[in-house]
Amino acid sequence: MRIVIAEDQGMLRGAISRLLSMENDIQVVGEAANGEEAVEIIQRLQPDIAILDIEMPHLSGLEVAEHLQKINSTCLVAIVTTFARSGYLQKAVKAGARGYLLKDSPVSHLAESLRKIYSGQRVFSPQLTFSFIEEKNPLTKREIEILQCLKRGDSVKDMNQSLYLSEGTIRNYISEIIQKLEAKNRIEAVTIAEEKGWL
């Protein structure tokens, strides 16, 4: 199978590339240091699988996956990351990723995961337990609406006019949201909800 590796840390990218190249059935055909490079290399070389780091300059691994999905690329995507966050995982699955693997796994496990992905299976790190993947959203529909208003930068007064709720009721909702998400303030509440894929 032909592989492209996109990882912004040069030493790590080189190490993964060298170790995977030692496998008989894996050929590393390209390497990228950022998301834009990854898109260009994948479109040019048409590899079977792209290993994408989540956090890269220019375009994140998730954005690269979304772009490949949009253009109906046949390249399969394996996200490799240090972040075991359910929001990231949900976004990766939505973007069509076939694998979500944590960087602390040995390369032999990565090679085995790539074989499974190549054969049509989905592979998720065992650390991401089922309950973690299926994390329940504690927010009500109305609370999500209020969070979306906060994300836009609306004031309580703006929400009073757009949601037809009294300012006191809106403040109550906001403090309830902050409590449920164990956030310090409104901004952190929006960030947490986004990371968990609830917004």
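Residues numbered from 1 in each chain as written. Predicted model: local features only at pLDDT ≥ 70, side-chain atom pairs only at ≥ 80, totals over all residues. Heavy atoms only, no water.

A word on the nonpolar core
Point 1. With 25 residues, the main nonpolar core has Ala38, Ile42, Leu52, Val64, Val77, Ile79 and Tyr100 as its most contacted residues.
Point 2. Those elements that place two or more of their residues in this core are β1 (2-6), α2 (35-45), β3 (49-53), α3 (61-70), β4 (76-81), α4 (86-94) and β5 (99-102).
Point 3. Ignoring sequence-local partners within four residues, the contact set of Leu52 consists of Ala6, Ala38, Ile42, Gly61, Val64, Ala65, Val77, Ala78, Ile79 and Val80. (Core = buried A, V, L, I, M, F, W, Y, C linked by side-chain atoms within 4.5 Å. Buried < 20%, exposed > 50% of the residue type's maximum accessible area, 1.4 Å probe, protein only. Helix = DSSP H or I, 4+ residues; strand = E, 2+ residues; numbered from the N terminus. Contact = heavy atoms within 4.5 Å.)

Things to note about the pairing of strand β2 (residues 27-32)
Point 1. In terms of strand pairing, β1 meets β2 through five bridges, oriented parallel. Bridged to Ile5 within β2 is Glu31.
Point 2. Regarding the hand of the β-α-β motif, the stretch spanning β1, helix α1 (residues 10-21) and β2 is right-handed. (Pairing = 2+ DSSP bridges. Right-handed = clockwise from strand over helix to strand, strands pointing away.)

Quick word on the layout of surface pockets
Point 1. In this structure, the largest pocket occupies an estimated 150 Å³ of space.
Point 2. Contributing to the lining of the largest pocket are Ala65, Leu68, Gln69, Ser73, Thr74, Cys75, Leu76, Val77, Ala95, Gly96 and Arg98.
Point 3. Looking at the lining of the largest pocket, the elements that each hand over two or more residues are α3 and β4.
Point 4. With three residues, the single largest contributor to the lining of the largest pocket is α3.
Point 5. Classifying every residue of the lining of the largest pocket gives six nonpolar, four polar and one charged. (1 Å grid on protein atoms, 1.4 Å probe; cavity = no way out; pocket = protein on both sides within 12 Å on 5 of 7 lines; lining within 4 Å. Points joined across faces, edges and corners; volume = space filled by probe spheres on them. Nonpolar A, V, L, I, M, F, W, Y, C, P; charged D, E, K, R; others polar.)

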